[in-house]
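# Residue-level structural notes
For reference, the chains in residue letters:
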Amino acid sequence: MRVRRAHRTRRAHHRAGTRRLALVLAGAAVAAGCAAGGSGSGGGLGVRDRTAAPTAAAAATETAAAVPTAHGTLLVADFGGSTVTFVDPARGPVGSVEVGTAPYGLALGADGRAWVATAEGVAVVDTATRTGLSRIPYRTGTGPVTTGEYRGGGMGIALAPDGRRLYVGVNVPGGAGVLEVVDTATRTVTATVPVGRRPFDVDVAADGREVYATGHDSYDVTAVRADTLAARRLVVAPYGERGPGSWLKPHYAVVRPSDGRLLLPFEGEKLAVLDPATGRVSVEPMTADIHQHGAALAPDGTLLVVGAAEGRDAASLTVRSPGGAERTVPLEGPHEDVAVSGDGRTAYVTGGFTREGHWDGITVVDLQSGTTRRLPAGERPLGIVVLQ
């Protein structure tokens, strides 16, 4: 998913509360034969509550949480399983919801609903009550449901600013990816657009007029107009296009609020700055010198980039000021994605990783002091959002 330069042979290949209604609904679903994790639009999704010891009824129906989810709770996609896990940033997991096989990316709406890209479809979760609402099947065929880095199904995912549309990048093993457009009111796929191979990340312009799908294996970003769905391929290959076997590919991107340009980190050496209006790419130096994956922006414009770790390398988190000054925070073990607290003081880095070496937790980073601590979190946690 989300190493090092091919000319460096030491890394030779890519590793890159309080509502009880949910209990009633869960019982009704069981009576109707709707098993937890069933697919299809409108299908109920099961819930696992870790706030108390399970009762016999809970074991049969997978109960909902009795306490509303607190602001600042983390939500992670359990890429190694079929759930999303709610994590108290001070004490660890507090509950989980069944969503579908190998959940990858997460998008959070202002209404508190989370949209989860899984191998089987886009799951919808009410984060306030930790309740699975439905799963929307993809229109695109992706073959058998599988797990792992190359599995078919949803990868990058993002909401339009007004929350009316959802965009999910769907990986089609062996072929070009597809951007699927979802009407969030009807929870149906309304359109599909061909994009690059393995769309690791999807981002939306601040004004909602364009959507950007980062094609990992095609060295590109596909810019899609939201109104007409017209698409343009923009090459982002600061090391050149070296084929699908190279480590030197784009992974994740962020949209810089100040000018709408996309920032794509490469190898802790180069920050590709893409102007989507012209397709031009400029390159700024980076200093971490490590294969990089997840990226996020803090409220003040600070760029956070995950140094994933491969082979003998130690993982890190790059903290890059808007002016380009960088410092790195060492991390223990491979990592994948990153999210930042609403006050911009804390970063949360997932240990899921798309390749081997992953671990079941999050590293919490104090961005002022650089101190870190590890926190248990689900099963191979990959995508992450902070509930506000």
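Residues numbered from 1 in each chain as written. Predicted model: local features only at pLDDT ≥ 70, side-chain atom pairs only at ≥ 80, totals over all residues. Heavy atoms only, no water.

Let us now look at the sheet that holds strand 7 (residues 122-126). To summarise the sheet geometry, strands pair through backbone hydrogen bonds and adopt either a parallel or an antiparallel arrangement. Strand order across the open sheet formed by four strands is 5-6-7-8, with antiparallel pairing between neighbours. If you trace the sheet from one side to the other, it starts and ends with strand 5 (106-108) and strand 8 (131-136), each paired once. Between one strand axis and the next, the sheet turns through 20 degrees on average, direction left out of account. The pairing of strand 6 (residues 113-117) with strand 7 spans five bridges and is antiparallel. The residue of strand 7 that forms the bridge with Arg113 is Asp126. (Pairing = 2+ DSSP bridges. Helix = DSSP H or I, 4+ residues; strand = E, 2+ residues; numbered from the N terminus. Axes fitted to C-alpha atoms, helices over the stretch in contact; angles between N-to-C directions.)

The share of residues in the protein chain with pLDDT of 70 or more is 82%, and the mean pLDDT across the chain is 86. Predicted confidence for residues 1-43 stays below pLDDT 50, and this span has 137 contacts to residues more than four positions away or in other chains. Counted against residues more than four places away or in other chains, residues 49-65, with its pLDDT under 50, gives 38 contacts. (pLDDT = per-residue confidence, 0-100. Contact = heavy atoms within 4.5 Å.)

The buried fraction of strand 23 (residues 316-320) amounts to five of the five residues, a majority that puts the element mostly inside the structure. Across the two faces of strand 23 the burial is the same, with Ser316, Thr318 and Arg320 and Leu317 and Val319 all buried. Between the end of strand 23 and the start of strand 24 (residues 326-330), which pair antiparallel, lie five residues, with Gly324 showing a positive phi angle near 105 degrees. (Buried < 20%, exposed > 50% of the residue type's maximum accessible area, 1.4 Å probe, protein only.)

A word on unusual backbone geometry. Most peptide bonds take the trans configuration, and most residues that are not glycine carry a negative phi. Its identity is not glycine, yet Ala102 carries a phi of approximately 50 degrees, on the positive side. With respect to the helices and strands, Ala102 occurs in the loop between strand 4 (92-98) and strand 5. Here Ala102 falls in the buried class, since its relative accessible area comes to 0%. Although it is not a glycine, Arg187 sits at a positive phi angle of roughly 55 degrees. Inspection of the secondary structure assignment puts Arg187 in the loop between strand 11 (178-183) and strand 12 (188-194).

Pairing within the open sheet is antiparallel, and its four strands lie in the order 21-22-23-24. Two strands close off the open sheet at either side, each with one partner strand: strand 21 (292-297) and strand 24. On average, adjacent strands in this sheet sit at an angle of 20 degrees to one another, irrespective of strand direction. As defined by bridge partners, strand 22 (residues 303-307) adjoins strand 23 across five bridges and the pair is classed as antiparallel.

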